[in-house]
Amino acid sequence: AVVSTQSTGMEEVFAAFSKFGDTKSTGKELDNKKFSKLCKDTGITGKLVTSTDIDIIFSKHKPKGGRTITIKEFGLILDELAAKRFPKKGSAEEQKAAIRELIQGKGPGTSGTTKTVKAGGTERLTDTSKYTGSHKERFDESGKGKGLGGREELVENTGYVGNYKGADTYDKSH
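Residues numbered from 1 in each chain as written. Predicted model: local features only at pLDDT ≥ 70, side-chain atom pairs only at ≥ 80, totals over all residues. Heavy atoms only, no water.

A.B. asks: Outline the packing of aromatic side chains, supporting the account with residue identities and numerical values.
C.D. replies: One pass over the full model with this rule turns up three aromatic pairs. Measuring from ring centre to ring centre gives 5.7 Å for Phe35 and Phe58, while their planes differ by 35°; the resulting arrangement is tilted. Of this pair, Phe35 sits in helix H2 (residues 32–42) while Phe58 sits in helix H3 (residues 51–61); the two residues are 23 residues apart in sequence, bridging distant segments of the chain. We classify Phe35 as buried; its relative accessible area is 0%. Among the residues examined, Phe58 registers a relative accessible area of 1% and is labelled buried. For the pair Phe35 and Phe74, a centre-to-centre distance of 6.1 Å together with 85° between the ring planes defines the contact as edge-to-face. On the criterion of sequence distance, the pair formed by Phe35 in helix H2 and Phe74 in helix H4 (residues 71–85) is long-range, its members being 39 residues apart. For the pair shown, Phe35 and Phe74 are each scored as buried. Pairwise contacts between aromatic rings join Phe14, Phe35, Phe58 and Phe74 into one cluster. (Phe/Tyr/Trp six-rings, centres within 6.5 Å; stacked < 30°, edge-to-face > 60°. Helix = DSSP H or I, 4+ residues; strand = E, 2+ residues; numbered from the N terminus. Buried < 20%, exposed > 50% of the residue type's maximum accessible area, 1.4 Å probe, protein only.)

A.B. asks: Please give an account of a nonpolar patch on the surface that cites residues and values.
C.D. replies: Taken together, the side chains of Tyr160, Val161, Tyr164 and Tyr170 define a hydrophobic patch exposed on the protein surface, amounting to about 470 Å² of accessible area. With respect to the secondary-structure elements, Tyr170 resides in helix H8 (residues 170–173). Assessed through its relative accessible area of 54%, Tyr170 is described here as exposed. (Patch = residues over 30% accessible without salt bridge, like charges linked within 9 Å, V, L, I, M, F, W, Y side chains within 5 Å. Areas by Shrake-Rupley, 256 points an atom, 1.4 Å probe, with all protein chains shown as cover. Salt bridge = Lys/Arg side-chain N within 4 Å of Asp/Glu carboxyl O.)

A.B. asks: Tell me about the pattern of salt bridges, residues and numbers included.
C.D. replies: Considering all chains together, one arrives at five salt bridges under this definition. Taking the shortest distance from any N to any O, the salt bridge between Lys34 and Asp22 comes out at 3.6 Å. With Lys34 in helix H2 and Asp22 in the loop between helix H1 (8–19) and strand E1 (30–31), the pair connects residues that are twelve residues apart, well separated along the chain. By relative accessible area, which is 17% here, Lys34 ends up buried. Judged by relative accessible area, Asp22 falls into the partly exposed class, the value being 32%. The salt bridge involving Lys37 is made with Asp41; its shortest N-O contact spans 2.8 Å. Of this pair, Lys37 and Asp41 both sit in helix H2, separated by four residues, roughly a single helical turn.

A.B. asks: Quick rundown of H2? Include the residues and the values.
C.D. replies: Inspection of H2 places Lys34, Phe35, Leu38, Cys39 and Thr42 among the buried residues, and these make up the whole buried set. For H2, the angular spread of the buried residues around the axis is 145°, confining them to a single face. Projecting away from the buried face of H2 at angles above 90 degrees are the exposed residues Lys33 and Lys40. Backbone geometry just downstream of H2 places Gly43 in the positive-phi region, at approximately 95°. (Arc of directions from axis to C-beta.)

A.B. asks: Tell me about the confidence of the model for the protein chain, and name the residues and values.
C.D. replies: Confidence in the prediction of the protein chain, expressed as mean pLDDT, is 80, and 83% of residues score 70 or more. Per-element confidence in the protein chain is highest for H3, whose mean pLDDT is 92, and lowest for H8, whose mean pLDDT is 71. In the model, residues 1–6 has pLDDT below 50 throughout and makes twelve contacts with residues more than four positions away in sequence or in other chains. (pLDDT = per-residue confidence, 0-100. Contact = heavy atoms within 4.5 Å.)

The structure is reproduced here in structure tokens:
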């Protein structure tokens, strides 16, 4: 079976999902988790193709003992998923073209991720101009923290015991 992986769109999608969330990834291998995300984000997963189907087909095509697939296996998996996803398309070639068109130009999405919310008491609690007492001393007029300088009790690593009055007098008396 000759697999056409020459379509650059398919390779770009493969690389985009391969690198998603992994700074060390080369973009040449895809694990099952990222492949499942690819299927979900591109619309392959649905009524006809379930996540179980995707896991089974992935396991069937990955190398023995391996955890990832390459672009070559990705093409084979897409061909197999095409028959399941588009059963009403006439020929196998039409099915393969339809699934490649489906993933064309899509990338990983971040739907459902946590967004920062400035609601309720957050604004009031983070306004440094309203701080009082010792907390007020830890910020300058603009609201920027002073760091260690804003704390009253700074440790001096001079080698002398705290409250010692004769610090740095040894050289003068001897």
